[in-house]
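# Notes for the structure review
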Amino acid sequence: MSAIITNQEMKCYNPATGKHLENVPISTSKQIEETFLKSKSAAKSFNLSTISQRKTLMNRFRKAIVNRMDDFIQTICSETGKKQFEAMLEVMISADLMKNQSKHAKKALASEKRSPGIYLHKRGKVEHRPFGVAGIISPWNYPLILTISPVAEALLAGNTVVLKPSEQTPLTSILLKKIFDSIADNPDIFQILPGAAETGKAIVESKYADIICFTGSTAIGKIIAQSCGERLKPCILELGGKDAMIVLEDANLKRAAKACIWGGFSNAGQTCISIERVYVCESVFERFVELLKKEMANLTCGPNPENRVGAMTMKSGLAKVKAQIQEAESKGCAIYSIPQLEDATRFIPPTLVFDPPEDLEICSDETFGPVISIHKVEDEKEAIERTNQSQYGLAANIFTKNKRRGRKIASKIQAGMICINDALIGYALAELPFGGMKDSGIGRVHGLEGLKAFSQQVSIVENRITLGKEFWWYDLSEKFHGTMKKIIRFWYG
Ligand code: NAD
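Residues numbered from 1 in each chain as written. Predicted model: local features only at pLDDT ≥ 70, side-chain atom pairs only at ≥ 80, totals over all residues. Heavy atoms only, no water.

## Brief notes about the layout of surface pockets
Filter applied, for reference: Throughout, the protein atoms alone are placed on a 1 Å grid, and a set of points is a cavity if a 1.4 Å probe fits but cannot get out or a pocket if it is open with protein on both sides within 12 Å along at least five of seven lines; lining residues have an atom within 4 Å of a point. Grid points are joined across faces, edges and corners, and a volume is the space filled by probe spheres set on the points. Helix and strand assignments follow DSSP, with helices taken as H or I runs no shorter than four residues and strands as E runs no shorter than two, numbered in order from the N terminus. Each residue receives one of three labels: charged for Asp, Glu, Lys and Arg, nonpolar for Ala, Val, Leu, Ile, Met, Phe, Trp, Tyr, Cys and Pro, and polar for the others, Gly being one of them. The split of the chain into domains comes from an automatic or database domain assignment.
In this structure, the largest pocket spans a volume of roughly 970 Å³. Lining the largest pocket are 42 residues; nearest its centre among them are Trp 140, Phe 214, Gly 216, Ser 217 and Ile 220. Contributions of two or more residues to the lining of the largest pocket are made by helix H7 (197–205), strand E9 (211–215), helix H8 (218–231) and helix H11 (315–330). In terms of residues, the lining of the largest pocket owes the most to one element, H7, which gives 5 residues. Of the residues in the lining of the largest pocket, the class split is 20 nonpolar, 14 polar and 8 charged. Formed jointly, the lining of the largest pocket draws a minimum of three residues from each of two domains, domain 1 (3–239 + 445–456) and domain 2 (243–435). Space inside the second largest pocket adds up to approximately 470 Å³.

Spelled out as structure tokens, the structure:
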């Protein structure tokens, strides 16, 4: 188990070992109200802070996190059951994002001059202003990255933040808050509210939360979208995926096989952009599968530090993934897994499922475990069609040695992020916006877009030359009426 949730507390356990970690109290309604009031009050000055003040704060925060890297690795591993190198990558990607977003905050958020167009005596500019208080709700699968990424962007954009971490992994956020308090002049700028669904709901519904950023499942994302819709509250929704990989006949098959098992099995497949479906051109199918099996022979899955693949964090996830494999098996699909180690009941060994029919759950629903379905396709056209038939559109991966062909295929794929000859890496490139199409979400984090997403755009117009009156005001003369018609015909006709 990872956490047992009661009305009062979250009893946290290490999913890989079953060891009890800590009990964390669930925030009460009074604490929720008080936290928001403090956040609103802190927002009065923080909303007006300069970009360079926020940048200084973020740099201090980043350095303090890096100083405590080992504590983060240990905490992340203990509450998720993932492996040390995976937790270390979390720290690195988080620190890189904080560094990049701080560096680019000015470019994204400083006021911008805009052309006045035909109104030559006017001057226009856009200001990017914070919303006020940002409510952030995060999932358990990457408790540091998926928390710090929206938190850093919201703060850099000048918002104060109230965060609710996943009830399955509150400890990483508690550590994060402790570190923030040690470096911030005003700790109320970033606060956390540990809790489960009810606490998340209270944040979304709070009259003090001016924008919501939610990362989690599509099902809960839709509930949040509805609640925000009723309140006309802006929301960024980073939701589930069912990502595909396309392997063309001209691909570097060795690289594709290595990328496939990394993309599908790292973090035990519990990554929103995990590779879950692979479409392989028939002429290279047998060879590709052979290479996958060869790569998988180097993997072990279990609780020992030397095992490469970690635990299933959630008990419910374990049951769901097993059910998907069993359904495919019962329909006659061939299955290939690495051996299951003894005493590893909380682990699912990396598994390939061959050619499951598209109506099975393993093809349509998110799996969120170390399982990849491998499909033989006739050609590129079929691979694109089947990639796009999913309700999700988070990310996709294309393998071909022909760069132009790769780019052309990318232009036809319905997904928010596409990697050519690589897997997952697009998320780590902090300057690239990240987010989904279709059921995978609304809005973007990362990049200039992620900073702007936490800001409201305000347009300001002033006179470059102030005239006694404007041409279009009420006392427009008949003569000028005619002149304007001429201008319209000349300029736009
Ligand atoms: P989840 O939707 O169950 O929970 C996410 C968060 O929402 C948790 O903090 C939870 O307490 C909270 N929550 C639950 N009900 C709520 C409600 N009614 N109102 C407000 N908050 C509520 O998701 P999860 O199991 O924690 O995470 C796994 C899912 O997240 C997967 O579907 C995965 O694909 C997705 N995910 C998406 C991204 C992305 O960037 N697109 C990244 C990671 C995970």
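## Points about empty space enclosed by the protein
As enumerated under the stated definition, the model contains 2 cavities of 30 Å³ or more in all. Roughly 50 Å³ of internal volume is contained in the largest cavity. When residues of the lining of the largest cavity are traced back to their parent elements, those giving at least two are strand E11 (243–247), strand E16 (392–393) and strand E17 (395–399). Considered class by class, the residues forming the lining of the largest cavity number 6 nonpolar, 4 polar and 3 charged. Size it by volume and the second largest cavity reaches roughly 50 Å³. The wall of the second largest cavity is formed by Leu 146, Ser 149, Pro 150, Thr 215, Glu 238, Tyr 427, Phe 434 and Val 445. Examining the composition of the lining of the second largest cavity, we find that 3 residues originate from one element, helix H5 (residues 145–156), more than from any other. Residue classes in the lining of the second largest cavity are distributed as 5 nonpolar, 2 polar and 1 charged.

## Examining the nonpolar core
The condition is simple: Among buried residues, the Ala, Val, Leu, Ile, Met, Phe, Trp, Tyr and Cys ones that are joined through side-chain atoms within 4.5 Å form a nonpolar core. Relative accessibility decides the category of a residue: with a 1.4 Å probe and only protein chains considered, values under 20% of the type maximum give buried, values over 50% give exposed, and everything between is partly exposed. Every residue pair with non-hydrogen atoms within 4.5 Å of one another is taken to be in contact.
Residues Phe 61, Val 278, Phe 288 and Ile 374 are the most contacted members of the largest nonpolar core, which totals 106 residues. At 8 residues, H5 tops the list of elements feeding residues into this core. Counting contributing residues per domain, this core is built from domain 1 (3–239 + 445–456) and domain 2 (243–435), each supplying no fewer than three. If we ignore the near neighbours within four places in the chain, the residues touching Val 278 are Met 245, Val 247, Cys 260, Phe 288, Ile 372, Ser 373, Ile 374 and His 375.

## Here's the deal with the packing of helix H2 (residues 51–67) against helix H4 (residues 84–109)
Applicable threshold: Helix axes are fitted to C-alpha atoms over the stretch in contact, other axes to C-alpha atoms as well, and angles between N-to-C directions run from 0 to 180 degrees. Angle categories: roughly parallel below 35 degrees, roughly antiparallel above 145, roughly perpendicular from 65 to 115, and oblique for all the rest.
Remark: H2 packs on H4, axes separated minimally by 9 Å, with the N-to-C direction vectors making an angle of 175 degrees. In terms of orientation, H2 lies roughly antiparallel with respect to H4. Contacts from Ile 51, Arg 54, Lys 55, Met 58, Asn 59, Phe 61, Arg 62, Ile 65 and Val 66 of H2 reach H4 at Ala 95, Met 98, Lys 99, Ser 102, Lys 103, Ala 105, Lys 106 and Leu 109. Within the contact of H2 with H4, the residues separate by chemical class into 9 nonpolar, 2 polar and 6 charged.

## Quick word on the packing of aromatic side chains
For clarity, the threshold we go by: Each pair of aromatic rings taken from Phe, Tyr and Trp, with Trp reduced to its six-membered ring, is defined by centres within 6.5 Å and is described as stacked if the planes are under 30 degrees apart, edge-to-face if over 60, and tilted in the remaining cases.
For the coordinates displayed, the defined rule picks out 11 aromatic pairs. Judged by centre distance (6.2 Å) and plane angle (70 degrees), the ring pair of Phe 471 and Trp 472 falls under edge-to-face. Here Phe 471 falls in the partly exposed class, since its relative accessible area comes to 37%. Consider the rings of Phe 490 and Trp 491, whose centres lie 6.4 Å apart with planes at 35 degrees: the pair is tilted. The exposure class assigned to Phe 490 is exposed, which follows from its relative accessible area of 68%. The exposure class of Trp 491 is exposed, given its relative accessible area of 53%. The rings of Tyr 119, Phe 471, Trp 472 and Phe 480 are connected pair by pair, giving a single aromatic cluster.

## Remarks on the sheet that holds strand E21 (residues 455–463)
Heads up, the rule is: In this description, strands pair whenever DSSP reports at least two bridges between them.
Spatially, the 3 strands line up as an open sheet ordered E4-E5-E21, and their pairing is antiparallel. Only two strands of the sheet have a single partner each, and these edge strands are strand E4 (112–114) and E21. Here the strands of the sheet are splayed against their neighbours by 30 degrees on average, with no regard to which way each runs. The sheet contact formed by E4 and strand E5 (residues 122–130) spans 3 bridges and is antiparallel.

## A look at the domain arrangement of the chain
Put simply, the rule reads: Buried area counts how much accessible surface, traced with a 1.4 Å probe, disappears from two parts once they are put together, with both parts' losses summed. Should a side-chain nitrogen of Lys or Arg be within 4 Å of a carboxyl oxygen of Asp or Glu, the pair is scored as a salt bridge. For the purposes of these results, a polar contact is taken to be a pair of N or O atoms within 3.5 Å, where, inside protein, one atom must be able to donate a hydrogen and its partner to accept one; residues adjacent in sequence count only when each atom of the pair is a side-chain atom.
Per the domain assignment, the segments making up the chain are domain 1 (3–239 + 445–456) and domain 2 (243–435). Inter-centroid distance (C-alpha atoms) of domain 1 to domain 2 is 29 Å. Between domain 1 and domain 2, the residue contacts involve 30 residues of the former and 31 residues of the latter. Between domain 1 and domain 2 the total buried area reaches about 2500 Å² when both faces are included, carbon and sulfur atoms providing 57% of it. Interface area lost by domain 1 to domain 2 is led by Lys 83, Trp 140 and His 446, which between them contribute 24%. Where domain 1 packs against domain 2, one counts 0 salt bridges. At the boundary of domain 1 and domain 2, one finds 13 residue pairs in polar contact (both at pLDDT 80 or more). Those elements giving two or more residues to the side of domain 1 that touches domain 2 turn out to be helix H3 (69–80), H4, H5 and helix H15 (447–453). Residue contributions to the side of domain 1 that touches domain 2 peak at 9 residues, all from H4.

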